[in-house]
Amino acid sequence: MLPAMESLETAGLMTIGRFSRLTGLSVKALRHYDEVGLLRPATVDPETGYRSYSSAQVGQAEAIRTLRRLELPLDDIATLLATDDPAVVRRVLVEHQTRTAWRSAQLNMILQGLQPLIDGKESVMGTQAEALDGETQRRLGVDLFNKTWTFMEKADRTQEEDDEMIHGAHASAYHWMQVGTQANRARSEWQCSRVHAILGHVDEALRHARRCLELVEGTPDHMKDWDLPAAYEALARAHMVAGDVEETRRFAELGRAALARIEDEDDRAVIEADLATIRT
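Procedures and definitions
- Residues numbered from 1 in each chain as written.
- Predicted model: local features only at pLDDT ≥ 70, side-chain atom pairs only at ≥ 80, totals over all residues.
- Heavy atoms only, no water.
- Helix = DSSP H or I, 4+ residues; strand = E, 2+ residues; numbered from the N terminus.
- Rg over C-alpha atoms; globule rule 2.2 N^0.38 Å.
- Contact = heavy atoms within 4.5 Å.
- Areas by Shrake-Rupley, 256 points an atom, 1.4 Å probe, with all protein chains shown as cover.
- Lys, Arg positive; Asp, Glu negative; His and termini not counted.
- Charge placed at Lys NZ, Arg CZ, Asp CG, Glu CD.
- Patch = residues over 30% accessible without salt bridge, like charges linked within 9 Å, V, L, I, M, F, W, Y side chains within 5 Å.
- Salt bridge = Lys/Arg side-chain N within 4 Å of Asp/Glu carboxyl O.
- Phe/Tyr/Trp six-rings, centres within 6.5 Å; stacked < 30°, edge-to-face > 60°.
- Buried < 20%, exposed > 50% of the residue type's maximum accessible area, 1.4 Å probe, protein only.
- Lys NZ or Arg CZ within 6 Å of the ring centre and 35° of its normal.
- Arc of directions from axis to C-beta.
- Core = buried A, V, L, I, M, F, W, Y, C linked by side-chain atoms within 4.5 Å.

(A) Spatial organisation of the overall build of the protein chain. The helix and strand tally for the protein chain stands at 13 helices and 3 strands. For 280 residues, the compact-globule estimate of 2.2 N^0.38 gives 19 Å, and the C-alpha radius of gyration of the protein chain, at 27 Å, exceeds that figure by more than 25%. With the C-alpha coordinates aligned to their principal axes, the bounding extent of the protein chain is approximately 85 × 60 × 35 Å. Partitioning the intrachain contacts of the protein chain with sequence separation of at least 6 by distance along the chain shows that 57% fall at a separation of at least 24. Total accessible area on the protein chain is roughly 16,700 Å²; 52% of this is exposed by carbon and sulfur atoms. In the protein chain, 33 side chains carry a positive charge and 46 a negative one; their mean positions are 3 Å apart.

Structure follows, in structure tokens:
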């Protein structure tokens with residue numbers, strides 16, 4: 001039988017229905033959160049299976065409701081509820097913000113594509129795909145580059161995220177090939193090399209690093225003062241992944257020597273930090 005309301009109140013507990021009304025979480029959601037271990041009831045009647053909650057759980061439930069409205073995944077919510085480390089909280093929220101921004105950009109592209117169909121400027125049937133305009137190509141190049149960079153900095157990527165990181169880097173490089181400068185192309189090759197180096201893909205990391213250096217050396221007037229040391233760093237890293245100590249050391253030394261050409265201290269510090277991770 002359902003425990004008497006008086007006995008629950010005496011024990012400082014409330015039924016799942018009352019807890020639902022108090023916190024704004026549906027009964028169905030509360031049952032699900034119990035099943036996945038996110039929000040366990042204070043007690044469960046061993047005979048009836050009825051769940052009861054305590055007033056001390058209200059704050060946690062309201063936090064879950066707020067975070068779910070912001071569409072945080074349940075795993076992220078569990079992490080936030082389990083930590084009091086501000087750095088962990090910030091990391092989880094920033095990662096979700098990045099994912100949301102990327103999804104927003106994709107949805108904006110969909111909305112922009114729908115409007116010409118709604119206005120009758122394009123036909124739904126029988127149309128042929130048209131080439132993307134330069135502005136769209138550049139925007140995609142930037143967005144995909146930044147998205148890939150986010151994955152590069154993530155330590156606990158899934159296999160699907162590794163795949164997305166690879167395809168994002170190459171897609172960005174493709175769009176820059178259509179509308180970018182030689183510098184844009186060189187930096188795309190650098191990112192492709194770094195992605196493959198991170199994943200231990202030796203041949204691909206070396207090929208893109210070599211292409212990066214070819215573009216930098218072939219069109220020096222198009223480059224910034226940090227493009228050459230960055231290209232050397234890419235080759236040093238690719239050879240490090242390949243296990244070639246001699247070539248790793250050679251390109252790392254070339255990169256460090258080229259640091260002196262970088263005028264801006266912040267730009268120099270970025271390349272210097274990358275070179276510091278090269279094991280020779």
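Picking up where we left off.
(B) Looking closely at a nonpolar patch on the surface. There is a patch of nonpolar side chains on the surface, built from Leu107, Ile110, Leu111, Leu114, Leu117, Ile118 and Val124 and spanning about 670 Å² of accessible area. Turning to its location among the elements, leucine 117 is positioned in helix H6 (residues 86–118).

(C) Seen up close, the packing of aromatic side chains. Taken as a whole and assessed by the stated rule, the structure comprises 4 aromatic pairs. On the basis of an interplanar angle of 25° and a centroid distance of 6.0 Å, the ring pair of phenylalanine 145 and tryptophan 149 is categorised as stacked. Of this pair, phenylalanine 145 and tryptophan 149 both sit in helix H7 (residues 134–152), 4 residues apart, which is roughly one turn of the helix. Centroid distance tryptophan 149 to tryptophan 190: 5.6 Å. Interplanar angle 20°. Geometry classified as stacked. Placement of tryptophan 149 in helix H7 and of tryptophan 190 in helix H9 (residues 182–198) is noted, with a sequence separation of 41 residues between them. In this structure tryptophan 149 comes out as partly exposed when scored by relative accessible area, which is 30%. Residue classification places tryptophan 190 among the buried residues on the basis of a relative accessible area of 9%. A network of ring pairs unites the aromatic residues Phe145, Trp149 and Trp190 as a single cluster. Here the guanidinium or amino end of arginine 250 rests over the ring plane of phenylalanine 251, the centre of that ring lying 4.3 Å away.

(D) Quick look at helix H3 (residues 27–35). Along H3, the residues classified as buried are Ala29, Leu30, Tyr33 and Asp34. One side of H3 carries all its buried residues, which in axial view fall inside an arc of 140°. Of the residues in H3, the exposed ones pointing more than 90 degrees away from the buried face are Lys28 and Glu35. Here the buried face of H3 lies against helix H2 (16–23), strand E3 (51–54), helix H4 (58–69) and helix H5 (74–82). Once H3 finishes, glycine 37 follows within two positions and takes phi at roughly 85°, a positive value.

(E) Geometry of the pattern of salt bridges. Under the defined criterion, the tally for this structure stands at 13 salt bridges. When the shortest N-O distance is used, the salt bridge between glutamate 71 and arginine 103 registers 2.6 Å. Of this pair, glutamate 71 sits in the loop between H4 and H5 while arginine 103 sits in helix H6; the two residues are 32 residues apart in sequence, bridging distant segments of the chain. Judged by its relative accessible area of 43%, glutamate 71 falls in the partly exposed class. Each of Arg194, Glu233, Arg237 and Asp274 takes part in a single network of salt bridges with overlapping partners.

(F) Structural view of the nonpolar core. With 37 residues, the main nonpolar core has Leu213 and Val216 as its most contacted residues. If you list the elements that add at least two residues to this core, you get H7, helix H8 (159–179), H9, helix H10 (202–218), helix H11 (227–242), helix H12 (245–258) and helix H13 (265–276). At 9 residues, the largest contribution of residues to this core is made by H11. Setting aside its immediate chain neighbours within four residues, leucine 213 contacts Leu228, Ala231, Tyr232, Leu235 and Phe251. With 18 residues, the next largest nonpolar core counts Met14, Ala29, Leu38 and Leu67 among its residues.

By themselves, these are just geometric observations and shouldn't be taken as functional.
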